[in-house]
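Chain residues, written in single-letter form:
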Amino acid sequence: MTAPSAHHRAITVRMFTQRLSATPRGARLARRLAVGQLAAWGIPYGTDASETIAAIVAELAANAATHGRVPGRDFELRLSLVPGGVRIEVADSRGERRPPGPRDVRPPHPLAEGGWGLVLVDALADRWEVLDRAPGKAVRAEVDLPGWLGLFRA
C-alpha cells in the first residue's frame, strides 16, 4: 500500500529589519513602521493582532531608546513572519544594562509612573526572552496568530 503523495508548499520566513536612532522619535517611528509592515503582510491596522504587536514594539523600542541607549549608536527593530505568528526583536548596544527575563519581571508600585513596559510585554506576548548579542542585548517576543498560514500568499 502506498501513501498518497502530499503536495507541500515551502514556507518562507518574511523579515523586516530597520535601524533607528535611540531617541523617543526613533521609538515612535519603530511602532509606525511595524504597523505598516504588518499591514503589508496581511495583518490589517486596528486588528487585535496588529494592536498587540504594535504595543509590544512600542514598549521594547522605548526601553531600547531609554535604557539601552549608547551615544552614537542606533537600536534595531526586526519583525519576522514565522510559522505560527510574528516574532519581534529589538536590539540595542548596551549589554551591561540587561532587563529582567520573563520569570523575573515584577510589577512596580501601583501608583508608579514607570516600570510597566516589560509587565505589558509579559502580558501581551505568548513568549519572550532576553538574549545576549555582540554588542549589547536583544529582547525577542512572539505573538501567535491563528490562521497565520493564510498570510503566506503564493
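Details of the structure are given in the entry above.
Note that the structure is predicted; figures quoted are calculated from it, not measured.

Undergrad: A description of the overall build of the protein should follow, citing residues and the corresponding values.
TA: Along the protein, the regular secondary structure elements total three helices and five strands. Counting from the amino terminus, the protein carries its helices and strands in the arrangement β-α-α-β-β-α-β-β. Residues counted as buried form 38% of the 154 residues belonging to the protein. For the protein, long-range pairs separated by at least 24 residues make up 67% of all intrachain contacts whose partners lie at least 6 apart in sequence. Total accessible area on the protein is roughly 9200 Å²; 53% of this is exposed by carbon and sulfur atoms.

Undergrad: Which residues make up the pattern of salt bridges, and what values do they have?
TA: In this structure the tally under the stated criterion is 10 salt bridges. Glu76 serves as the salt-bridge partner of Arg19, at 3.4 Å between the closest nitrogen and oxygen. Separated by 57 residues along the polypeptide, Arg19 in strand S1 (residues 14-21) and Glu76 in strand S2 (residues 74-82) bring together distant segments of the chain. Residue classification places Glu76 among the buried positions, given a relative accessible area of 9%. In this structure, a network of salt bridges that share partners links the residues Arg19, Glu76, Arg78 and Arg133.

Undergrad: Describe helix H1 (residues 24-40), and please don't skip the residues or the numbers.
TA: For an α-helix, 3.6 residues make a turn, and residues three or four places apart therefore share a direction. Taking 1.5 Å of rise per residue, 17 residues should cover 24 Å, and H1 covers 25 Å from first to last C-alpha, within 8% of that figure. Those residues of H1 lying buried are Gly26, Ala27, Ala30, Ala34, Val35, Gln37 and Leu38. Looking at the buried side of H1, the elements it contacts are S1, helix H2 (48-66), S2 and strand S3 (85-92). Phi turns positive one or two residues past the end of H1, at Gly42, with a value near 95°.

Undergrad: Break down the packing of H2 against helix H3 (residues 117-124) for me, with residues and values.
TA: Contact pair H2 / H3: the axes reach a minimum separation of 9 Å and the direction vectors enclose 150°. In terms of orientation, H2 lies roughly antiparallel with respect to H3. In this structure, H2 meets H3 at a crossing whose hand is left-handed. Only Gly117, Leu118, Leu120, Val121 and Leu124 of H3 make contact with H2, whose side of the interface consists of Thr52, Ala55, Ile56, Glu59, Leu60 and Asn63. Of the residues that constitute the contact of H2 with H3, the class distribution is seven nonpolar, three polar and one charged.

Undergrad: Please give an account of the pairing of S3 that cites residues and values.
TA: Burial within S3 is extensive, with seven of its eight residues counted as buried. The sheet contact formed by S2 and S3 spans seven bridges and is antiparallel. By the bridge assignment for S3, Val82 is matched with Gly85. Once S2 ends, the chain turns through two residues before running back antiparallel as S3, passing Gly84 with a positive phi of about 100°. Sheet analysis places S3 next to strand S5 (residues 137-144), joined by eight bridges and oriented antiparallel. Looking at the pairing, Val90 lines up with Val139 of S5.

Undergrad: I'd like to hear about the environment of Asp92, residue by residue, with values.
TA: Tracing the chain through its elements places Asp92 in strand S3. Among the residues examined, Asp92 registers a relative accessible area of 8% and is labelled buried. In the structure, Asp92 is positioned 23 residues away from Arg69 in sequence and 7.0 Å away in space, judged by C-alpha atoms. Every residue in contact with Asp92, bar those within four places of it in the chain, is listed here: Ala64, Gly68, Phe75, Pro135, Gly136 and Lys137.

Undergrad: Explain the nonpolar core to me, using residue names and the numbers behind them.
TA: Of all hydrophobic cores here, the largest spans 34 residues; its most connected members are Leu77, Ile88 and Trp128. Looking at this core, the elements with two or more residues in it are S1, H1, H2, S2, S3, H3, strand S4 (127-132) and S5. Top element by residues in this core is H2. It accounts for seven residues. Once residues within four sequence positions are removed from consideration, Leu77 is found in contact with Phe16, Thr17, Gln18, Leu20, Ala30, Ala34, Val57, Ile88, Glu89 and Val90.

Conventions used here
- Residues numbered from 1 in each chain as written.
- Predicted model: local features only at pLDDT ≥ 70, side-chain atom pairs only at ≥ 80, totals over all residues.
- Heavy atoms only, no water.
- Helix = DSSP H or I, 4+ residues; strand = E, 2+ residues; numbered from the N terminus.
- Buried < 20%, exposed > 50% of the residue type's maximum accessible area, 1.4 Å probe, protein only.
- Contact = heavy atoms within 4.5 Å.
- Areas by Shrake-Rupley, 256 points an atom, 1.4 Å probe, with all protein chains shown as cover.
- Salt bridge = Lys/Arg side-chain N within 4 Å of Asp/Glu carboxyl O.
- Expected span 1.5 Å × (residues − 1).
- Axes fitted to C-alpha atoms, helices over the stretch in contact; angles between N-to-C directions.
- Parallel < 35°, antiparallel > 145°, perpendicular 65-115°, else oblique.
- Left-handed = near helix turned anticlockwise from the far one by under 90°.
- Nonpolar A, V, L, I, M, F, W, Y, C, P; charged D, E, K, R; others polar.
- Pairing = 2+ DSSP bridges.
- Core = buried A, V, L, I, M, F, W, Y, C linked by side-chain atoms within 4.5 Å.

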